[in-house]
Amino acid sequence: MLDRRRFTAGFVTASACILPALASPNIARAQDKPKQIRIGIAEAGLGGRPYSFGNTISVVHAQGALEQEFGKDGTAIEWHFYAGAGPAVNEALANNALDFVWQGDLPQYVARSRGLDTRQLWVDGNRLPVYVAVSKKSSITDLAGLKGKTVANFQGTSLELSVDRILASVNLTEADLQIINLDQITATQAVIEGQIDATFLAFGLPPQAARLMRVIYHAGADNPSDTQQASVLTTGAFANAYPDAVARVAKVQINAAHWASLPENTDALYDIWGKSGYPVPMLKAIYQITDLKQFTSPLWDPFQLAQMQRSAADAFKYGLIRTPVDTKNWIDHGPLDGALAASGLTHYWPQFAADGTTRLA
Amino acid sequence: MSAILKQGLLPERIAGAGRRARSRRAGSAIRRGVILPVLLLVLWQITAARGLISTLVLPGPVQVLEALRQLAVSGALAGGIEVSLRRLALGYGLGVAIGVPLGILLAVSPLARRLIAPSFYAIARVPLLAWIPFLMVLFGIGEALKLVIIAKASLTPITLNTERAILGVPKAWLELGRLLCLGPWPTIRRILLPATILPVFVGLRFGLIQAWSALVVVELLASTNGLGFQLTMSRQLFQLDTMMALMLVIGVIGFGLDRGVVTAEAYLARRFGGRA
């Protein structure tokens, strides 16, 4: 008969040996060239298609620019697209499964407040729009009319910070509404079918839905502090191990952002975004880009810096994070500044004051 | 006298010894049952303390208890439990209100059995998760959907066990009742109730377990409050310690509900002379 004590001891020892192996980080030690670069995008196309939109990292992806840059070194580039958006990206980050991420503001603060070691690199997704839509038959005409209504919100994503801010502008909080957690497509269907009263949306209305729905609020160029911001971050572990690789990724991304900012490439840019499965006319209607340079700007201008401060404070104020986030020393300016200087683009993109509307240079 | 005493007392003493032996066996079974959870708890704490797995992915037991304390202090826990238990009471109540009469009907009426049973079994065999998209279209994503799903989850075991309990009453017992000229109420009180109460209770118990599981599932999707909703929300906001604390609460409540039904079952067994 198996000795019970010996069996128990063996079980504990075996478990203790297996667990560290499961948890071992992917980045082993500092080397010049990483074996792989794993990029997580907090967005996926229609039905989970591996494409994103509303950013310039989609250009880097679609043009295979990183694969070209790192191909000669034997560095593999892996792209991961998360339909679960920012929260899903954070789970992958915590599992050491990603080296670079593109995600919106709130999940970035959530990750930092929980102690994930990330570095902000450059802005990619300036003033992303937020809509509030109701059914055409609805009697709701303005934000104040949302009080007590059942309203969808994709909770925990970058949308939520804008939701709370927009509600606060009419002295409402999420508690004054029946907030229901739904992804954007389901939420749109639910409004059309009359199951809920309204929905917050980050990417507007599909054409079929647009005929049946009415937008009662739109955060865009006129009220930039209500919009969402997105950016590219890397992990502290990757930045420390491969600073050279981060600098090269920055150059590739800045070139793509510059390409996307040229009016002659606008159609091609929308075609790239259209690979996500969302129709190009719909994407054009959502982003309503009037200023390409403003939209594609990777700069941490006074508006972006002020917005970061505001968002960090608001995330805590609205109870979305439990510990306040210190934004000091979060941005690693080196890779962006280096890439801008190397490409001669240091003064190419416009800068805006903290209000987001006053142009500085 | 002593013979009488012996005759009278001996079985008592034997029975007493038997009870003690049984309770010792039960005690040792509980002790053995505790080994694995305690071992896992220790392993979990070691893993967390040594940082073998990031505490962001697997928060340690102490962190989870702290999250539980914060949930309790903030009042969020009580609020969530209240909403979930109210939902359970309504959905499960609906399941019992339909399931028990339906089970009786299927048992006593051959016509009802021919008419309803095939459809009922067909419905019962489609798993709950497969019903959800259809029920969403039918009932929307509001409170009605949740109650219907919980009721549906508890309905199947309740109906089936009620039906079998009545069909399982030996015919000879009912004939004996007729021979003794018992009226309808004494027949129910003296024969049917004692014979069926325990099998029906087995159904009620399984129904409750199913209802509780279904409740958490429906609150995970399209919900605005309740423990399942708080669980999803804490995952979205990357508060995995809170998420695990809520899992613990859900487990404990499920266990408590089950124990409650078992206790009621034992009481009724004593009351009606069945076996627990």
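Quick caveat, the model's predicted, so the values are computed rather than measured.

What counts and how
- Residues numbered from 1 in each chain as written.
- Chains lettered and ligands numbered in written order.
- Predicted model: local features only at pLDDT ≥ 70, side-chain atom pairs only at ≥ 80, totals over all residues.
- Heavy atoms only, no water.
- Helix = DSSP H or I, 4+ residues; strand = E, 2+ residues; numbered from the N terminus.
- Rg over C-alpha atoms; globule rule 2.2 N^0.38 Å.
- Buried < 20%, exposed > 50% of the residue type's maximum accessible area, 1.4 Å probe, protein only.
- Contact = heavy atoms within 4.5 Å.
- Areas by Shrake-Rupley, 256 points an atom, 1.4 Å probe, with all protein chains shown as cover.
- Lys, Arg positive; Asp, Glu negative; His and termini not counted.
- Charge placed at Lys NZ, Arg CZ, Asp CG, Glu CD.
- Buried area = accessible area lost by both parts, 1.4 Å probe.
- Salt bridge = Lys/Arg side-chain N within 4 Å of Asp/Glu carboxyl O.
- Polar contact = N/O pair within 3.5 Å; in protein donor to acceptor, adjacent residues only side chain to side chain.
- Nonpolar A, V, L, I, M, F, W, Y, C, P; charged D, E, K, R; others polar.
- pLDDT = per-residue confidence, 0-100.
- Pairing = 2+ DSSP bridges.
- Axes fitted to C-alpha atoms, helices over the stretch in contact; angles between N-to-C directions.
- Phe/Tyr/Trp six-rings, centres within 6.5 Å; stacked < 30°, edge-to-face > 60°.
- Lys NZ or Arg CZ within 6 Å of the ring centre and 35° of its normal.
- Parallel < 35°, antiparallel > 145°, perpendicular 65-115°, else oblique.
- 1 Å grid on protein atoms, 1.4 Å probe; cavity = no way out; pocket = protein on both sides within 12 Å on 5 of 7 lines; lining within 4 Å.
- Points joined across faces, edges and corners; volume = space filled by probe spheres on them.

Asker: Mind laying out the overall build of chain A, listing which residues take part and the relevant values?
Answerer: If you tally the helices and strands in chain A, you get 15 helices and ten strands. Here the C-alpha radius of gyration of chain A, 22 Å, is about what a compact globule of 361 residues would show, namely 21 Å. The dimensions of chain A, computed from C-alpha atoms along their principal axes, are 75 × 65 × 35 Å. Looking at the 361 residues of chain A, the share that counts as buried comes to 56%. Here the contacts in chain A between residues at least 6 apart in sequence split such that 79% fall between residues at least 24 apart. Roughly 15100 Å² of accessible area belongs to chain A as shown, and the carbon and sulfur atoms make up 53% of that amount. For chain A, the distance from the average site of its 30 positive side-chain charges to the average site of its 33 negative ones is 5 Å.

Asker: Please give an account of the overall build of chain B that cites residues and values.
Answerer: Looking only at helices and strands, chain B has ten helices and zero strands in total. Going from N to C terminus, chain B has its helices and strands arranged as α-α-α-α-α-α-α-α-α-α. Buried positions account for 39% of the 276 residues belonging to chain B. Looking at chain B alone, contacts between residues at least 24 apart form 71% of all its contacts between residues at least 6 apart.

Asker: An account of the interface of chain B and chain A is requested, with residue identities and associated values reported.
Answerer: On the side of chain A, 32 residues touch chain B, which itself brings 27 residues to the contact. Between chain B and chain A the total buried area reaches about 2600 Å² when both faces are included, carbon and sulfur atoms providing 64% of it. Scanning the region where chain B abuts chain A turns up three salt bridges. Residue R235 of chain B is joined to E91 of chain A by a salt bridge in which the shortest nitrogen-to-oxygen separation is 2.6 Å. In this assembly, chain B and chain A are joined by seven residue pairs in polar contact (both at pLDDT 80 or more). Secondary-structure elements contributing two or more residues to the side of chain B that touches chain A are α1 (2–49), α2 (61–74), α9 (227–236) and α10 (240–272) of chain B. Counting residues per element, the side of chain B that touches chain A draws most heavily on α9 of chain B, at five residues. When its residues are assigned to classes, the side of chain B that touches chain A shows 14 nonpolar, eleven polar and two charged.

Asker: Any chance you could break down the confidence of the model for chain A for me, citing the residues and the numbers?
Answerer: When the pLDDT values of chain A are averaged, the result is 86; 90% of them are 70 or greater. Below pLDDT 50 for its whole length, residues 17–30 of chain A participates in 19 contacts with residues either more than four positions away or in separate chains.

Asker: Which residues make up the sheet that holds strand β6 (residues 150–153) of chain A, and what values do they have?
Answerer: Residue and element names in this part refer to chain A. What the five strands build is an open sheet, ordered β7-β6-β8-β5-β9; its pairing is mixed. In this open sheet, the two edge strands, each paired with only one partner strand, are β7 (178–181) and β9 (213–219). Put simply, the sheet's adjacent strands are angled 25° from each other on average, direction ignored. The pairing of strand β5 (residues 130–135) with β9 spans six bridges and is classified as antiparallel. When the sheet's bridge partners are listed, V130 is paired in β9 with A219. Of the strands in this sheet, β5, β6, β8 (198–201) and β9 are in contact with helix α6 (residues 158–168), which crosses β8 at around 125°.

Asker: Describe the sheet that holds strand β10 (residues 230–235) of chain A, with residues and values.
Answerer: Residue and element names in this part refer to chain A. Strand order across the open sheet formed by five strands is β2-β1-β3-β10-β4, with mixed pairing between neighbours. A single partner strand is all that each edge strand has here, and the edge strands are β2 (76–81) and β4 (118–123). Each adjacent strand pair in this sheet contributes to an overall mean axis angle of 25°, direction not counted. Of the pairings in the sheet, the one linking strand β1 (residues 36–41) to strand β3 (residues 100–104) comprises three bridges and is parallel in character.

Asker: Describe the packing of aromatic side chains, listing the residues and the values that go with them.
Answerer: What describes a pair of aromatic rings is the distance from one ring centre to the other and the angle between the planes of the rings. All names here are of chain A. If you walk through the whole model with that rule in mind, you get twelve aromatic pairs over all chains. Taken together, the aromatic side chains of Y270, W273, Y287 and F295 make up a single cluster linked through ring pairs. Cation over ring: R127 sits above F352, and NZ or CZ is 4.6 Å from the ring centre. Seen from the ring of Y348, K293 lies directly overhead, with NZ or CZ sitting 4.2 Å from the centre.

Asker: Could you give me a rundown of the side chain of T159 of chain B, with the residues and numbers involved?
Answerer: Tracing the backbone through its elements, the reader meets T159 of chain B in helix α6 (residues 143–167). The exposure class assigned to T159 of chain B is buried, which follows from its relative accessible area of 0%.

Asker: Tell me about the packing of helix α11 (residues 266–274) of chain A against helix α12 (residues 280–287) of chain A, residues and numbers included.
Answerer: All names here are of chain A. Between α11 and α12, whose axes approach to 9 Å, the crossing angle comes to 110°. The angle between α11 and α12 falls in the class roughly perpendicular. Residues D267, Y270, D271, W273 and G274 of α11 pack against V280, L283, K284 and Y287 of α12. Taken together, the residues that form the contact of α11 with α12 break down as five nonpolar, one polar and three charged.

Asker: Describe empty space enclosed by the protein, listing the residues and the values that go with them.
Answerer: Residues and elements named next belong to chain A. For the coordinates displayed, the defined rule picks out three cavities of 30 Å³ or more. Its volume calculated, the largest cavity comes out at about 90 Å³. The wall of the largest cavity is formed by 14 residues, among which Q108, Y109, Q229, W300 and Q304 lie closest to the centre. Elements represented by at least two residues in the lining of the largest cavity include exactly α5 (105–113), β4, β10 and α14 (302–317). Residues belonging to the lining of the largest cavity are distributed by class as follows: five nonpolar, eight polar and one charged. Of the volumes computed, that of the second largest cavity is approximately 50 Å³. Forming the boundary of the second largest cavity are I39, I57, V60, L66, W79, F100, V249 and Q253.

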